[in-house]
Amino acid sequence: MKKAWGVELPARASVSWLGLVLALVLLPAASFAGVLADDRADALYHRYEGGGVTIHGPSVLVRKKFAEKYAISANYYQDMVTSASIDVEVSGASEYHEERDQWSLGAEYLRGKTTYSLGYTNSKENDYQAETTTFGISQDLFGDLTTITMGFSRGKDVVRRRDTITDRIDPNFKEPIDRWSYRVGVSQILTKALISSLQLEVITDEGFLNNPYRSYRFVNPSNNQLFSLAPEQYPRTRTSNAIALNARYYLPYRAAVHGGYRFFTDTWGIGANTFEAGYTHPWRQWTFDVGYRFYSQNNADFYSDLFERRDEQNFLARDKELSTFKSQALSLGATYEFVPNGWRFIKKGTLNFYYDRIQFDYDDFRDARYSMLPAADPNFRPAGSEPLYSFGANVFQLFVSVWF
Amino acid sequence: MQVRTGILLAAAVVLAGCGNIEPWVKPYERQALADPIMSFDPNPVSTAYIDHVFDAREGARGANGTAGGGCGCN
Amino acid sequence: MTSRLNSWMRGAALAGALAVTTMVSSSVGANASMAPAFTLPSRSGDTVSLAQLKGKVVMLNFWASWCGPCRQEMPLLDQMHKRYSALGFTLVGVNVDANSKDAEQWLSKTPVSFPVLFDRESKVSKLYDVSAMPSTVFIDRQGNVRDVHRGYKTGDEGEYLNQIRALLKE
């Protein structure tokens, strides 16, 4: 435990961060006040279909403020998963069903130009539990042209494993993950029509970081056209850095165009670039959104689609999430404001539909199903020469929002 | 660590002393900025969801406004 | 030893930062000075100048149709105008919408009885150094600015009433 000014701090909390937090906390409350977001309730239905996986479920959010000083929010989110993904097929397992329940609570306190926030999230699956606590500060400066936000999150996960044959949770397997996340952001109004934001986030994970069900491939020692499987071995720590720049511009005929870029690196050797651009066009009671997102990353140091032999290195992974790949997404959205003049206690209400089409193209992750076919099959490909894997996904969101 | 402390303290002093910069966009000129189409995040439930879709399938994470949480999302 | 000194240095530097911070105060002070003269077109079609209102207690309210707190306080301001206009008080709304049609559209749904002037080019906003939306300027019978109230929160109408009554008594 580190000590600073006689106060015990957990090892990871840096003294300088605490100092800046204190400095902001003690800033005098200026005579003009900031504003808390409006009261609202949202009910969303989400659906993802792609790569042999279907995930769908609800997400409900309610936000309420009191005396223009306090606000609380609550969110319930659920994923109902049916998965026969390529990883499931290659491991020889059968399609599985799973449910993830997540709920979050948040509280905000506004004093002058400063908003303090506290949040707690709890997520449960039959083989995974995650808890995250977040603390944040947001400060308006320079006549409200600048907003600085800082956040700190602490997470604790518990990883368990379900025996794929008996379908029972293995009582002997229970591994923790500890997570720390530090965020700093600046939002800046540049002109009457242009707003920008810069965000930085550092995340560190410690513990059992791989998927207990996934295996890596290595050339079958008895037949080099086939592969064998062995459980993945991951490092026990990972630290990542991300920096993102976003901007939004108002077009004089009443429309908005936005763009953003994010740069990412981590201690596993992954480097990624994300580009986003979009256009928002309102028309009478409708608002239309169109967007494009391009993502590319290079593989983690210990990733390989096919290793030469078992235990070739200390760390071995075959998670396609850690491979070299690109993803492109096109998104279309339509919003309809159904009570333009309000209705009783409802000030504003919208009905929204969003559709995203995402295409994933892998450069060093192969479709191993081709080498699992019988050798006589014309589609058979030897391990390591299978075609590269790619898949497309359709994502739907349908939601209602009311402001009251 | 020392450098980091120094930078942050300098930033705090500079920010404090700069309270006298006149805002170049006056409050009565904020018409466009106040328009809901100019909001960075008009629908938090939707943004949180789509960020999760990408986070669960890509290696990169962070700097997208949502305070992430863990999940066993394979 | 050095680490102790470092702690002290850090503490002192932070204290210094905080001290500088407290010195940056927002200038809320009331300016007991002449209210700048202006002439603006009004909603009813004619032009209104501040000089015409000398002798009355004037509450100048800068608002915009796109500003939430501004819209929220309008009905309350209307009540004040109706209640005290017979006693030598008038509320004057100065609308800063770049496009007055937006203001007129909102006013047709939420009508008010006090005069609304259009400051489309923000000339009067600049003149009065409007630094928050909404801003309410209290001008006494002699034409001096006695108080400036920035922003609006539920309950501020109490302060408005106190100011109006105090200025009416003079």
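Observations concerning the overall build of chain B
Next, step 1: The number of helices and strands found in chain B is 3 helices and 0 strands.
Next, step 2: With 74 residues in all, chain B has 49% of them scored as buried.
Next, step 3: Taken as a whole, chain B presents about 3100 Å² of accessible surface, with 63% of it coming from carbon and sulfur.

Some details on the pairing of strand E9 (residues 146–162) of chain A
Residues and elements named next belong to chain A.
Next, step 1: Here strand E8 (residues 128–141) runs beside E9; their pairing, made up of 14 bridges, is antiparallel. Looking at the pairing, Thr132 lines up with Gly155 of E9.
Next, step 2: What sits between E8 and E9 in their antiparallel hairpin is a turn of 4 residues, with Phe142 showing a positive phi close to 50°.
Next, step 3: Two elements, E9 and strand E10 (residues 169–191), share 16 bridges in a ladder whose sense is antiparallel. Across the sheet, the residue bridging to Arg160 is Lys174, located in E10.
Next, step 4: Counting the residues between successive antiparallel strands, the hairpin from E9 to E10 contains 6 residues, one of them, Asp167, with a positive phi of roughly 60°.

Things to note about the packing of aromatic side chains
Residue and element names in this part refer to chain A.
Next, step 1: Scanning the entire structure with this criterion turns up 34 aromatic pairs over all chains.
Next, step 2: A ring pair is formed by Tyr261 and Phe275, whose centres lie 4.9 Å apart and whose planes are at 40°; its orientation type is tilted. Of this pair, Tyr261 sits in strand E15 (residues 255–266) while Phe275 sits in strand E16 (residues 271–283), placing them 14 residues apart in sequence.
Next, step 3: Overall, Phe275 belongs to the partly exposed group, its relative accessible area being 41%.
Next, step 4: Pairing Trp268 with Phe302 gives two aromatic rings, centres 5.1 Å apart and planes at 80°, and the pair type is edge-to-face.

Structural notes on the pairing of strand E8 (residues 144–150) of chain C
Next, step 1: With 2 bridges connecting them, strand E1 (residues 33–34) of chain C and E8(C) associate as antiparallel partners. Bridged to Ser33(C) within E8(C) is Val145(C).

Focus on the interface of chain A and chain B
Next, step 1: Every contact between the two is made by 90 residues of chain A and, on the other side, 49 residues of chain B.
Next, step 2: With both chains or domains summed, chain A and chain B bury close to 5600 Å², and 60% of this area falls on carbon and sulfur atoms.
Next, step 3: Scanning the region where chain A abuts chain B turns up 3 salt bridges.
Next, step 4: Top contributing element to the side of chain A that touches chain B by residue count: strand E14 (residues 237–251) of chain A, with 10 residues.
Next, step 5: Among the residues forming the side of chain A that touches chain B, the class breakdown is 41 nonpolar, 26 polar and 23 charged.

Remarks on helix H3 (residues 100–109) of chain C
Residues and elements named next belong to chain C.
Next, step 1: Among the residues of H3, Ser100, Ala103, Trp106 and Leu107 are the ones counted as buried. Down the axis of H3, the buried set is contained in an arc of 125°. They therefore lie on one face. Of the residues in H3, the exposed ones pointing more than 90 degrees away from the buried face are Lys101, Gln105, Ser108 and Lys109.
Next, step 2: In this structure, the buried residues of H3 make contact with strand E4 (57–63), helix H2 (68–84), strand E5 (89–95) and strand E6 (116–118).

Digging into the nonpolar core
Next, step 1: Counting 53 residues, the largest nonpolar core has Tyr48(A) and Leu322(A) as its most contacted members.
Next, step 2: Each residue touching Leu322(A), except ones within four places of it in the same chain, is listed here: Tyr234(A), Trp268(A), Ile270(A), Gln297(A), Asn298(A), Asn299(A), Ala300(A), Phe302(A), Tyr303(A) and Ala317(A).
Next, step 3: Tyr28(B), Leu40(C), Trp63(C) and Leu167(C) belong to the second largest nonpolar core, which has 49 residues in total.

Some details on the side chain of Asp356(A)
Next, step 1: For Asp356(A), the position within the fold is in strand E19 (residues 348–366).
Next, step 2: Buried within the structure, Asp356(A) lacks any salt-bridge partner; its nearest side chain of opposite charge belongs to Arg293(A), at an N-O separation of 7.9 Å.
Next, step 3: In this structure Asp356(A) touches Leu330(A), Ser331(A), Ala393(A), Asn394(A), Val395(A), Gln397(A) and Ile50(B), once residues within four positions along its chain are discounted.

With respect to the pattern of salt bridges
Next, step 1: Applying the stated criterion across every chain, the model contains 34 salt bridges over all chains.
Next, step 2: A salt bridge links Glu58(B) to Arg293(A); the nearest nitrogen and oxygen atoms lie 2.9 Å apart. Of this pair, Glu58(B) sits in the segment after helix H3 (44–55) while Arg293(A) sits in strand E17 (residues 286–297), each in a different chain.
Next, step 3: Since its relative accessible area comes to 2%, Glu58(B) is described here as buried.
Next, step 4: In this structure, the salt-bridge partner of Asp140(C) is Arg146(C), at a minimum N-O distance of 3.0 Å.
Next, step 5: What makes Asp140(C) buried here is its relative accessible area of 3%.
Next, step 6: Through salt bridges with shared partners, one network takes in Asp87(A), Arg214(A), Asp319(A) and Lys320(A).

Topic: the environment of Leu398(A)
Residues and elements named next belong to chain A.
Next, step 1: Within the element layout of this structure, Leu398 appears in strand E20 (residues 388–403).
Next, step 2: A residue is classified by how much of its surface remains accessible, and Leu398, at 44% relative accessible area, is partly exposed.
Next, step 3: In this structure, the C-alpha to C-alpha distance between Leu398 and Leu44, residues 354 residues apart in sequence, is 5.7 Å.

Quick notes on the confidence of the model for chain B
Residue and element names in this part refer to chain B.
Next, step 1: The share of residues in chain B with pLDDT of 70 or more is 69%, and the mean pLDDT across the chain is 81.
Next, step 2: Helix H1 (residues 2–17) is the least confidently modelled element of chain B, averaging 61 in pLDDT, while H3 averages 96, the highest of any element.
Next, step 3: At the level of chain-chain contacts, confidence expressed as ipTM amounts to 0.90, with global pTM at 0.85.

A word on the environment of Asn144(C)
Residue and element names in this part refer to chain C.
Next, step 1: Of note, Asn144 is situated in strand E8.
Next, step 2: You can call Asn144 partly exposed: its relative accessible area is 24%.
Next, step 3: Those residues within four positions of Asn144 in sequence are excluded, and the remaining contacts are Ser33, Met34, Ala35, Phe138 and Ile139.

What about a nonpolar patch on the surface?
All names here are of chain A.
Next, step 1: On the surface, a nonpolar cluster with roughly 640 Å² of combined accessible area is contributed by Val186, Leu198, Leu200, Ile243, Leu245, Tyr261, Phe263 and Phe275.
Next, step 2: Taken together, the elements giving at least two residues each to the nonpolar patch come down to strand E11 (194–207), E14 and E15.
Next, step 3: For Phe263, the position within the fold is in strand E15.

Details of the state of the cysteines
Next, step 1: Summed over the entire model, instances satisfying the criterion amount to 2 disulfides over all chains.
Next, step 2: Between the sulfur of Cys71(B) and that of Cys73(B) lies a disulfide, 2.0 Å long from S to S. Residues Cys71(B) and Cys73(B) are joined by a disulfide whose S-S torsion is about -140°; by sign, that bridge is left-handed.
Next, step 3: The partner cysteine of Cys67(C) in its disulfide is Cys70(C), sulfur to sulfur 2.1 Å.

Remarks on the layout of surface pockets
Residue and element names in this part refer to chain A.
Next, step 1: Here the second largest pocket defines a volume of roughly 750 Å³.
Next, step 2: What lines the second largest pocket is a set of 32 residues, and nearest its centre among them are Ser91, Thr164, Pro212, Tyr213 and Arg214.
Next, step 3: For the lining of the second largest pocket, the secondary-structure elements that each account for two or more residues are helix H2 (86–90), E9, strand E12 (215–219) and strand E13 (227–231).
Next, step 4: It is H2 that contributes the most residues to the lining of the second largest pocket, 3 residues altogether.
Next, step 5: Classifying every residue of the lining of the second largest pocket by side-chain character gives 11 nonpolar, 11 polar and 10 charged.

About the criteria used
Residues numbered from 1 in each chain as written. Chains lettered and ligands numbered in written order. Predicted model: local features only at pLDDT ≥ 70, side-chain atom pairs only at ≥ 80, totals over all residues. Heavy atoms only, no water. Helix = DSSP H or I, 4+ residues; strand = E, 2+ residues; numbered from the N terminus. Buried < 20%, exposed > 50% of the residue type's maximum accessible area, 1.4 Å probe, protein only. Areas by Shrake-Rupley, 256 points an atom, 1.4 Å probe, with all protein chains shown as cover. Pairing = 2+ DSSP bridges. Phe/Tyr/Trp six-rings, centres within 6.5 Å; stacked < 30°, edge-to-face > 60°. Contact = heavy atoms within 4.5 Å. Buried area = accessible area lost by both parts, 1.4 Å probe. Salt bridge = Lys/Arg side-chain N within 4 Å of Asp/Glu carboxyl O. Nonpolar A, V, L, I, M, F, W, Y, C, P; charged D, E, K, R; others polar. Arc of directions from axis to C-beta. Core = buried A, V, L, I, M, F, W, Y, C linked by side-chain atoms within 4.5 Å. Lys, Arg positive; Asp, Glu negative; His and termini not counted. pLDDT = per-residue confidence, 0-100. Patch = residues over 30% accessible without salt bridge, like charges linked within 9 Å, V, L, I, M, F, W, Y side chains within 5 Å. Disulfide = S-S within 2.5 Å. 1 Å grid on protein atoms, 1.4 Å probe; cavity = no way out; pocket = protein on both sides within 12 Å on 5 of 7 lines; lining within 4 Å. Points joined across faces, edges and corners; volume = space filled by probe spheres on them.

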